[in-house]
Amino acid sequence: KTRQVVVQRHIGRDIGNVGCRKQAAQHQKVFGVSPAGIWATADRQPMGAATTGSQSYYDHFADSRKWVREGMVDYIAPQIYWEMGAAAGDFSVLLDWWSDTVEGTGVDLYIGLAAYKSKEAQAGSVWQGADELQRQLSAINECENADGAIFFRYGSLLDSAIADSLASVAPAPA
């Protein structure tokens, strides 16, 4: 067996064990993970996304698709930190891929967004201001299987211009 297979099995077993313990405890708590946004690329894995970036399945031994499909997690929050149209990992392609992955599983989908990129953007970057994050939030709002978004890093949202801009597309709290 390759090292990757052995490590993936151990990680998968650990994720499954935590999920089972949580279910056995009968608590009103949820368990989830926040993996890298690209599970695998379509050129290496038939079920992968049409992307070219780093792959959590191969690079981090994280079979997050399996965790979703087998109900080992209550939610998944993939870190989709690329912009729409990015060559390595187009945000829209990955949002659709994750939406398809959770379809019919009962696993909630929260999309990890790169708020820090807006805060740290250079002049002329697609990330300058809040336009890219607004486009991404709009896409999430339109995605039937997406349950919300998670922003990385909170401190990036303390910039009032970014926060005010995002408020116009953020869904109202339930």
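What comes next is a walk through the structure. (Residues numbered from 1 in each chain as written. Predicted model: local features only at pLDDT ≥ 70, side-chain atom pairs only at ≥ 80, totals over all residues. Heavy atoms only, no water.)

## So, the side chain of Asp90
Note the following rule: Only DSSP runs of H or I reaching four residues or more are called helices, and only runs of E reaching two or more are called strands; each is numbered from the N terminus. The buried label applies to any residue whose accessible area, calculated with a 1.4 Å probe on protein chains only, is under 20% of its type's maximum; exposed applies above 50%, and partly exposed to all values in between. His is not counted here, nor are the chain ends, while Lys and Arg score as positive and Asp and Glu score as negative. One side-chain nitrogen of Lys or Arg within 4 Å of one carboxyl oxygen of Asp or Glu is enough to make a salt bridge. Counted as a polar contact is a pair of N or O atoms within 3.5 Å, where, for protein atoms, one must be capable of donating a hydrogen and the other of accepting one, and residues adjacent in sequence contribute only when both atoms are in side chains.
Mapped onto the secondary structure, Asp90 falls in the loop between strand S2 (75–76) and helix H4 (91–102). Although Asp90 is buried, it forms no salt bridge, and the closest oppositely charged side chain is Arg135 at an N-O distance of 10.0 Å. At 2.7 Å, the side chain of Asp90 and the backbone nitrogen of Ser92 are in polar contact.

## Some details on the packing of aromatic side chains
Any two aromatic rings considered together are summarised by their centre-to-centre distance and by the angle between their planes. Using the following cut-off: Two rings from Phe, Tyr or Trp (for Trp, the six-membered ring) form a pair when their centres sit within 6.5 Å of each other. Planes less than 30 degrees apart are called stacked, planes more than 60 degrees apart edge-to-face, and all others tilted. Note on criteria: charge over ring means Lys NZ or Arg CZ within 6 Å of the ring centre, with the direction from the centre no more than 35 degrees off the ring normal.
Tallied over the entire structure, the rule returns eight aromatic pairs. Relative to Tyr58, the ring of Tyr57 has its centre 4.8 Å away and its plane inclined at 85°; by these criteria the two rings are edge-to-face. What makes Tyr57 buried here is its relative accessible area of 16%. According to the relative accessible area criterion, Tyr58 is buried, its value standing at 15%. Between the aromatic rings of Tyr116 and Phe152, the centroid separation amounts to 5.7 Å while the plane-to-plane angle is 80°, which identifies the pairing as edge-to-face. With Tyr116 in helix H5 (residues 115–119) and Phe152 in the loop between strand S4 (146–151) and helix H7 (160–167), this pair connects stretches of sequence that are 36 residues apart. One aromatic cluster is present, built from ring pairs that chain together Trp39, Tyr57, Tyr58, Trp97 and Trp98. A cation over a ring is seen here: Arg44 above Tyr58, with NZ or CZ 3.7 Å from the ring centre. When the ring centre of Trp39 is taken as reference, the NZ or CZ atom of Arg65 above it lies at 5.9 Å.

## Considerations on the side chain of Gln136
So the rule is basically this: The contact criterion used is simple: two residues touch if any of their non-hydrogen atoms lie within 4.5 Å.
Its location among the elements puts Gln136 in helix H6 (residues 131–142). Note on Gln136: relative accessible area 0%, which makes it buried. With near-sequence residues (within four places) excluded, Gln136 lies in contact with Trp82, Glu83, Met84, Phe91, Leu113 and Trp127.

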